[in-house]
Amino acid sequence: MKINVVELKLYKSYEVEIPGNSKYVYGIEQADKIFEKLIGSNNIECVGMLCMDNTNKIINYSTISMGNIAFVNVSVAQVVKIALLSNASKIIIAHNHPSGVLKITNSDISMTQKIGVLAKYFEIELIDSIIVNATESISIRQHIGDKNDK
């Protein structure tokens, strides 16, 4: 009898130049320009993710999902799978708003919380969830924190 032997692999598609000189990301202050460059100008909604090690050094970037002009479906399984295959301890996710309007919706908050809770089960810390356009960004984590402080 024979059985199939399989392997899960993560491979590098290409390299991209990111703004700044630091390979370390601690939050929106460093991540915003990266996501603005990679997905901020897209004319459809896209979700991207930075994977980092336990020192916040960038391991890689991945586009998780692509949607349409008004919506993108985020697969939490895909987020966790890429983070695990990258051996990431920390992640930052972001999605763009093609309209350019950086308004945080209840759906944005709900998805951020869902990803944060599920990532934690795999000992992966969600540092932030960011919404971007071509030139600006807003932190969902900071927004949630501001609401909880009131």
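Residues numbered from 1 in each chain as written. Predicted model: local features only at pLDDT ≥ 70, side-chain atom pairs only at ≥ 80, totals over all residues. Heavy atoms only, no water.

### Description of the overall build of the chain
A tally of helices and strands in the chain yields four helices and five strands. Shown N-terminal to C-terminal, the secondary structure of the chain runs as helices and strands in the order α-β-β-α-β-α-β-β-α. Relative to the globule expectation of 15 Å for 150 residues, the C-alpha radius of gyration of the chain, 16 Å, shows essentially globular dimensions. In terms of principal-axis extent, the alpha carbons of the chain reach across some 60 × 35 × 35 Å. Considering only residue pairs separated by 6 or more positions, the chain has 68% of its internal contacts joining residues 24 or more positions apart. Accessible surface computed for the chain: about 9400 Å², of which carbon and sulfur atoms make up 51%. Charge centroids of the chain, computed over 15 positive and 15 negative side chains, lie 6 Å from each other. (Helix = DSSP H or I, 4+ residues; strand = E, 2+ residues; numbered from the N terminus. Rg over C-alpha atoms; globule rule 2.2 N^0.38 Å. Contact = heavy atoms within 4.5 Å. Areas by Shrake-Rupley, 256 points an atom, 1.4 Å probe, with all protein chains shown as cover. Lys, Arg positive; Asp, Glu negative; His and termini not counted. Charge placed at Lys NZ, Arg CZ, Asp CG, Glu CD.)

### Some thoughts on a nonpolar patch on the surface
A cluster of nonpolar residues, Leu-84, Val-117, Leu-118, Tyr-121 and Phe-122, forms a patch on the protein surface that exposes about 510 Å² of accessible area. Top contributing element to the nonpolar patch by residue count: helix H3 (residues 106-121), with three residues. Along the chain, the position of Tyr-121 falls in helix H3. (Patch = residues over 30% accessible without salt bridge, like charges linked within 9 Å, V, L, I, M, F, W, Y side chains within 5 Å. Salt bridge = Lys/Arg side-chain N within 4 Å of Asp/Glu carboxyl O.)

### A word on the nonpolar core
Formed by 18 residues in total, the largest nonpolar core has its most connected members in Met-49, Val-79, Ile-91 and Ile-115. Of all elements in the fold, only strand S1 (46-52), helix H2 (76-85), strand S3 (90-96) and H3 reach the threshold of two or more residues within this core. In terms of residues, this core owes the most to one element, H2, which gives five residues. Setting aside residues up to four positions removed in sequence, Ile-91 forms contacts with Met-49, Leu-50, Cys-51, Met-52, Val-79, Ala-83, Ile-115, Ile-124, Glu-125, Leu-126, Ile-127 and Asp-128. (Core = buried A, V, L, I, M, F, W, Y, C linked by side-chain atoms within 4.5 Å. Buried < 20%, exposed > 50% of the residue type's maximum accessible area, 1.4 Å probe, protein only.)

Purely geometric numbers; function is a separate question.
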